[in-house]
Amino acid sequence: MHTYPDSLEEKLGFDVVRDRLSARVQSPLGQERLDAMQPARTMEWLRAELDRVEELQGAFRYGDSVPLSPIYDLRDALRRAAPEDAFIEPTDLKAIRETHVTLRRLKTHFADRRGDYPRLAHAVERITPLRPLEAHVASIIDEDAAIRDDASPELQRLRRRIRAKEEALRTTLDKALRRAVREGHATGEQATLRGGRMVIPVRASAKSKVEGFVHDRSASGQTVYIEPAACLELNNEVRELKSAEQDEIERILRDATDHVRAETPSIEVNLKVLAQFDLLRAKARLANRLEATVPGLNEEGRIELYDGRNPVLQLHFEASGEAEDRPQPSGAHPEREVVPLDLELGDDFRTLVITGPNAGGKTVAMKTVGLFSLMLAYGLPLPAAPHSSFPLFDQIVVDIGDEQSIEDDLSTFSSHIANLRHMLDAAGRHALVLIDEAGTGTDPDQGAALAQAVLERLTAAGACTIATTHHGTLKSYAHEADAVENGSM
């Protein structure tokens, strides 16, 4: 589908729909897929996408606990894991494991419910469960993303020795500290760590009275931190053991990263499925919020809209609290409701000219048709009766609002002419054309004549066209011309 102008989404209100979808995706993966979302090019893809969203709507509506969290964006971790001999952090490995637990559960969930959710079951077939990788990570990383003591026999041995040496070091330090306090050389402070060495706090005036090595002094200079001579060997042993521990941890992480690197192609495909489901979830959640349904699809270019409620108005009233049931203060205006719209176009007539008073709803009616056509092309159900029917248009072209451009030196009328020219070039049986206030911006008689000529050309080309107007001559034209009808608000 091609759209014109570039601001079409904002003119029809689809930017509001995008914002609501963005609020419902739960990962950068889903957000990027939403940002890159394009209208459908084929009816086959559109039918499949609408079926997927509709199935997920049903799952959420009936309380089916679809396993779709946690989801992590693993792509940066995969990039850091790519070089040979590289290793990634425990937090990365934990995220990889938890994401693949989600993927495995998601695949099982819909595979076991294929009869209820055939399209979603088909979508999860691309997932490759990685149970060995899950198990390997679980064997070395705990729930807090720390390396487990039993991640390897060597690490277990090293940590036992570290604990034993640290206990002996604490005993020796406590003995040296008690002696320094008893002799008046130290306060009752606890032993502490300075430069990776365990030390005791000693008064600066008595530093020569305590045998050992000064590692640091306090900001005031009143206290120095001394490593007692009796602790030197123990401190050295602890540091050596911790260095060996770190070497063993890095070896364990390299080994785990090798496992990740080997599965990178499968992980990348799995992430694409997660991104798809994250966006599907957002679509289904928003559709349920709007009480939207999947309409019928036709290839004859017919629009049959029944009980259609403009979603931008729905969302606006909900956000402002005007659509909620709540007590109203005395004298308050009654709560605002979206008035449902019925409209048919494309069967007996291809052009609809809508007339009516200012603020009577002409433009809203026209925008609703355009927004519904665009939402449908993006694979979104519509807040309308399910027996409504829409085609997939190849083109949506609109002339709505003032497109005056200082940069391009266009007057309001010139901008309308540019839009109309584009409409005439794009017009065909698979195009939807929307013209707001046709014939305005110039002399009324000339504007009405120009608008009539454009509508004649669009009708002859077979485009589905909706135009709003105040011109009486256009009302007369619509009344008399074949394949053109009047509509009034």
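Trainee: Sorry, what's going on with the overall build of the protein chain here?
Mentor: Secondary structure summary: the protein chain contains 16 helices and 14 strands in total. Against the compact-globule benchmark of 23 Å for 489 residues, the protein chain has a radius of gyration of 35 Å, which places it well outside the compact range. Each of the three principal axes of the protein chain carries a C-alpha extent, and together these read 115 × 55 × 50 Å. Burial status across the protein chain gives 48% buried among its 489 residues. Partitioning the contacts of the protein chain with sequence separation of at least 6, the portion at a separation of at least 24 is 74%. Here the protein chain displays about 24,100 Å² of accessible surface, and carbon together with sulfur accounts for 47% of that area. Averaging the locations of the 61 positively and 81 negatively charged side chains of the protein chain gives two centres separated by 11 Å.

Trainee: What is the right way to look at the nonpolar core in this model?
Mentor: It is characteristic of soluble globular proteins that their nonpolar side chains tend to be buried jointly. Ranked by size, the top nonpolar core spans 53 residues in total, and within it Phe14, Ile303 and Ile466 carry the most contacts. Broken down by element, the residue count for this core peaks at 9 residues, all from helix H13 (residues 362-377). Residues Leu74, Ala95, Leu155 and Leu274 belong to the second largest nonpolar core, which totals 46 residues.

Trainee: Help me understand the pairing of strand S5 (residues 223-228) in this model?
Mentor: Regular strands place side chains that alternate from one sheet face to the opposite one. Of all the 6 residues making up S5, 6 are buried; the element is thus mostly covered by neighbouring parts of the structure. Judged by which residues are buried, S5 turns out to be covered on both faces: Thr223, Tyr225 and Glu227 on one side and Val224, Ile226 and Pro228 on the other are all buried. By the bridge criterion, 4 bridges tie strand S3 (residues 197-203) to S5 in an arrangement that is antiparallel. Residue pairing across strands places Arg203 opposite Thr223, the latter belonging to S5. From the end of strand S4 (residues 212-217) to the start of S5, which pair antiparallel, there are 5 residues, and Gly221 there has a positive phi angle of about 80 degrees.

Trainee: Is there a simple way to explain the pairing of strand S8 (residues 341-345) in this structure?
Mentor: Residue alternation in S8 divides its side chains into a buried set, Leu341, Leu343 and Leu345, and an unburied set, Asp342 and Glu344. With 4 bridges connecting them, strand S7 (residues 303-308) and S8 associate as antiparallel partners. Considered in S8, the bridge of Glu304 is made with Glu344.

Trainee: So what exactly am I meant to see when it comes to the environment of Gly428 here?
Mentor: Topologically, Gly428 is positioned in the loop between helix H14 (412-426) and strand S12 (431-435). A sequence separation of 30 residues divides Gly428 from Leu458, and the C-alpha atoms of the two residues are 7.7 Å apart.

Trainee: Please clarify how the packing of helix H2 (residues 14-22) against helix H11 (residues 264-289) should be interpreted in this entry.
Mentor: To describe two helices that pack against each other, one gives the angle between their axes and the distance between the axes. For the pair H2 and H11, interaxial distance at closest approach is 9 Å and the crossing angle is 115 degrees. By the criterion of interaxial angle, the relationship of H2 to H11 is roughly perpendicular. At the point where H2 passes H11, the crossing takes the right-handed sense. Contact residues: Val17, Arg20 and Leu21 in H2; Ala282, Lys283 and Leu286 in H11. Tallied by class, the residues present in the contact of H2 with H11 amount to 4 nonpolar, no polar and 2 charged.

Trainee: Mind showing me how you'd approach the packing of aromatic side chains here?
Mentor: To describe a pair of aromatic rings, one takes the distance between the centres and the angle between the planes. Applying the stated criterion to the full structure yields 4 aromatic pairs. Each member of the aromatic cluster is reached from another via a ring pair, and the members are Phe110, Tyr117 and Phe277. Note that Arg285 overlies the ring of Phe60, its terminal NZ or CZ placed 3.7 Å from the centroid.

Trainee: Can you help me understand the sheet that holds strand S9 (residues 351-355) in this one?
Mentor: One key point about sheets: their strands pair by backbone hydrogen bonds, in either a parallel or an antiparallel sense. Spatially, S1-S11-S12-S13-S9-S14 is the arrangement adopted by the 6 strands of the open sheet, whose pairing is parallel. On the outer flanks of this sheet lie strand S1 (2-4) and strand S14 (484-488), each paired with one strand and no other. Taken pair by pair, the neighbouring strands of this sheet meet at an average axis angle of 10 degrees, ignoring direction. Where strand S11 (residues 395-399) meets S12, 5 bridges bridge the pair, whose relative direction is parallel. Note on S12: the bridge partner recorded for Gln395 is Ala431. With respect to the sheet, H13 is in contact with S1, S9, S11, S12 and strand S13 (464-468), its orientation differing from that of S12 by roughly 155 degrees. Together, S9 and S14 form the strand contacts of helix H16 (residues 472-480), whose direction differs from that of S14 by roughly 125 degrees.

Rules of the game
Residues numbered from 1 in each chain as written. Predicted model: local features only at pLDDT ≥ 70, side-chain atom pairs only at ≥ 80, totals over all residues. Heavy atoms only, no water. Helix = DSSP H or I, 4+ residues; strand = E, 2+ residues; numbered from the N terminus. Rg over C-alpha atoms; globule rule 2.2 N^0.38 Å. Buried < 20%, exposed > 50% of the residue type's maximum accessible area, 1.4 Å probe, protein only. Contact = heavy atoms within 4.5 Å. Areas by Shrake-Rupley, 256 points an atom, 1.4 Å probe, with all protein chains shown as cover. Lys, Arg positive; Asp, Glu negative; His and termini not counted. Charge placed at Lys NZ, Arg CZ, Asp CG, Glu CD. Core = buried A, V, L, I, M, F, W, Y, C linked by side-chain atoms within 4.5 Å. Pairing = 2+ DSSP bridges. Axes fitted to C-alpha atoms, helices over the stretch in contact; angles between N-to-C directions. Parallel < 35°, antiparallel > 145°, perpendicular 65-115°, else oblique. Left-handed = near helix turned anticlockwise from the far one by under 90°. Nonpolar A, V, L, I, M, F, W, Y, C, P; charged D, E, K, R; others polar. Phe/Tyr/Trp six-rings, centres within 6.5 Å; stacked < 30°, edge-to-face > 60°. Lys NZ or Arg CZ within 6 Å of the ring centre and 35° of its normal.

Taken by themselves, the reported measurements are silent on function.
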